[in-house]
Amino acid sequence: MSKVVLKRGEIAFKQGEDGDHFYVVDKGSVACFERRDGSEHETLVHTYNPGGTFGDLSIMYNTPRAATCRATTESRLYALPRKAFKVIVMKTTIEKRLHIKSLLQNVLTSHKSQMLAAFTRDVRARLKFSKSLRTMSSRN
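The sections below set out a description of the structure shown in this document. The structure displayed is predicted, hence computed values, not measured ones.

What counts as what
Residues numbered from 1 in each chain as written. Predicted model: local features only at pLDDT ≥ 70, side-chain atom pairs only at ≥ 80, totals over all residues. Heavy atoms only, no water. Helix = DSSP H or I, 4+ residues; strand = E, 2+ residues; numbered from the N terminus. Buried < 20%, exposed > 50% of the residue type's maximum accessible area, 1.4 Å probe, protein only. Contact = heavy atoms within 4.5 Å. Areas by Shrake-Rupley, 256 points an atom, 1.4 Å probe, with all protein chains shown as cover. Disulfide = S-S within 2.5 Å. Polar contact = N/O pair within 3.5 Å; in protein donor to acceptor, adjacent residues only side chain to side chain. Pairing = 2+ DSSP bridges. Axes fitted to C-alpha atoms, helices over the stretch in contact; angles between N-to-C directions.

**Points about the overall build of the chain**
Regarding its fold elements, the chain presents two helices and eight strands. Here the chain, with 140 residues, has 19% of them falling under the buried criterion. Across the chain, contacts joining residues at least 24 apart in sequence account for 76% of those joining residues at least 6 apart. Of the roughly 10500 Å² of accessible surface on the chain, a fraction of 58% belongs to carbon and sulfur atoms.

**Focus: the state of the cysteines**
The final tally for this structure, using the stated rule, is one disulfide. Put simply, cysteine 32 and cysteine 69 are joined by a disulfide, and their sulfur atoms are 2.0 Å apart. Disulfide cysteine 32-cysteine 69: the torsion about the S-S bond is 110°, which places it as right-handed. Here cysteine 69 lies in strand E7 (residues 68-71) and cysteine 32 lies in strand E4 (residues 30-35), a separation of 37 residues in the sequence. In this structure, cysteine 32 and cysteine 69 share a single accessibility class: buried.

**Let's talk about the side chain of serine 75**
By the element assignment, serine 75 lies in strand E8 (residues 75-81). On the accessibility criterion, serine 75 (1% relative accessible area) is buried. A polar atom in the side chain of serine 75 sits 3.1 Å from the backbone oxygen of serine 29.

**Points about the sheet that holds strand E5 (residues 42-48)**
An order of E2-E7-E4-E5 is seen for the four strands of this open sheet, with the pairing classed as antiparallel. Both outer strands of the open sheet, strand E2 (11-13) and E5, are each paired with one neighbouring strand and no more. Strand-to-strand twist of the sheet, defined as the mean angle between neighbouring strand axes without regard to direction, takes the value 30°. Summarising the sheet, E4 and E5 pair through six bridges and their orientation is antiparallel. Paired with phenylalanine 33 across the bridge in E5 is leucine 44.

**Considering unusual backbone geometry**
One non-glycine residue, asparagine 62, adopts positive backbone phi at about 50°. On the secondary structure map, asparagine 62 appears in the loop between helix H1 (56-60) and E7.

Functional significance is not addressed by these values, which are geometric in nature.
This is the structure:
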């Protein structure tokens, strides 16, 4: 991860460029503007403040930058290269899947135990009923 210092008005990246970094705002603010249909007019899409992150979409979807992002104040960003970002996303995805799998297994195990307990109660009740029927028929 590298530190990037931007002066007010300086551009982090331009709309249409390849996405090569993911950014975290540490200090200052960065506004992202979009030009639609080749227009010269820029529309403010979002402003990122300390703790905000941007630049992930073009990396995840392998598409050009959807907006131009520029510092609105002197800003300090941290830039994570594409490859490192993808590794973190993949690792996080795998961890989430394992967590979900574990939760589902716990639910299924719990559900199986409840079903087995209900089945056992049902069998015992049927056996008890059957035994009482045999006792009644042997008395007659």
